Amino acid sequence: MATSSSAEVVTERRGIPGAQFVEDVQTYLTQTGFDCNSALAFLQERLQQYKMVEMKLQAQQRELQAKIPDIEKCLDVVATLQAKKGTGEALITDFEISEGIYSRASIEDTDSVCLWLGANVMLEYSCEEATALLRKNLDNAKASLEVLLADLQFLRDQVTITQVTIARVYNWDVHQRRLRQASPSAKDS
């Protein structure tokens, strides 16, 4: 076994504490003041915290992955409205009234669209303003998704390190118990 505990700086990413890789369990236990059971309990608790954060981040990821296609679809609709503008022909479309309920509409030349902002708020924008707002929202959503994916990768690394550390502490404890059991029998001989 190595003679020193990992002296690496435990990093943090956006509030997620970094896990410390333990090379030498004895030194780790001495430095932390834990016995094996306390160290295992601490590490198991940290692992559960990581799993909880991972679930929350995965839920945010699913929300963003659902939001991005919606924004892209809205951009396509505004672009279609702008393309039809000035042609004199009406745009015939089906739109969703409620989940699974659609209605057919004829849209004449229009200079504005209404965007649903959430929280029971809908605002009317010119087509150009709507396009700019939707592009900004799309860019923000994609950037947020990239950061979220990096956070998830960091978190998965911390889970792996913690699981390895749990295994190392447990195996070290089993090895120490076997040595203690073998010591009295060696003295009897």
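Residues numbered from 1 in each chain as written. Predicted model: local features only at pLDDT ≥ 70, side-chain atom pairs only at ≥ 80, totals over all residues. Heavy atoms only, no water.

1. Digging into the pairing of strand E5 (residues 112-118)
Note the threshold: Only when DSSP finds a minimum of two bridges between them are two strands counted as paired. The way it works is that DSSP assigns letters per residue, a run of H or I at least four long becomes a helix, a run of E at least two long becomes a strand, and they are numbered from the N terminus.
Pairing between E5 and strand E6 (residues 121-126): 6 bridges, direction antiparallel. If you follow Leu115 over to E6, its bridge partner there is Leu123. If you look at the hairpin formed by E5 and E6, you'll find 2 residues sitting between the two strands, and Ala119 has a positive phi there, around 55 degrees.

2. Some words on the pattern of salt bridges
Rules: We count a salt bridge whenever a side-chain nitrogen from Lys or Arg sits within 4 Å of a carboxyl oxygen from Asp or Glu. Between buried and exposed lies partly exposed: a residue is buried under 20% and exposed over 50% of the maximum accessible area for its type, with that area taken using a 1.4 Å probe on protein chains only.
Applying the stated criterion across every chain yields a total of 8 salt bridges. Two residues, Arg156 and Glu54, come together in a salt bridge whose shortest N-O distance is 3.9 Å. On the criterion of sequence distance, the pair formed by Arg156 in helix H3 (residues 127-188) and Glu54 in helix H2 (residues 36-84) is long-range, its members being 102 residues apart. We classify Arg156 as partly exposed; its relative accessible area is 35%. Here Arg104 and Asp94 are joined by a salt bridge, their closest N and O atoms 2.8 Å apart. Placement of Arg104 in strand E4 (residues 101-107) and of Asp94 in strand E3 (residues 91-98) is noted, with a sequence separation of 10 residues between them. For Asp94, a relative accessible area of 44% translates into the label partly exposed. Counted as one network, the salt bridges with shared partners bring together Arg13, Arg14 and Asp151.

3. Quick word on unusual backbone geometry
A positive phi angle, close to 45 degrees, is found at Arg14, a residue other than glycine. Here Arg14 lies in the loop between strand E1 (12-13) and strand E2 (16-17). Take Arg14: its relative accessible area is 60%, and that puts it in the exposed class. A positive phi is found at Ala119, a non-glycine position, where the angle reads about 55 degrees. Here Ala119 is to be found in the loop between E5 and E6.

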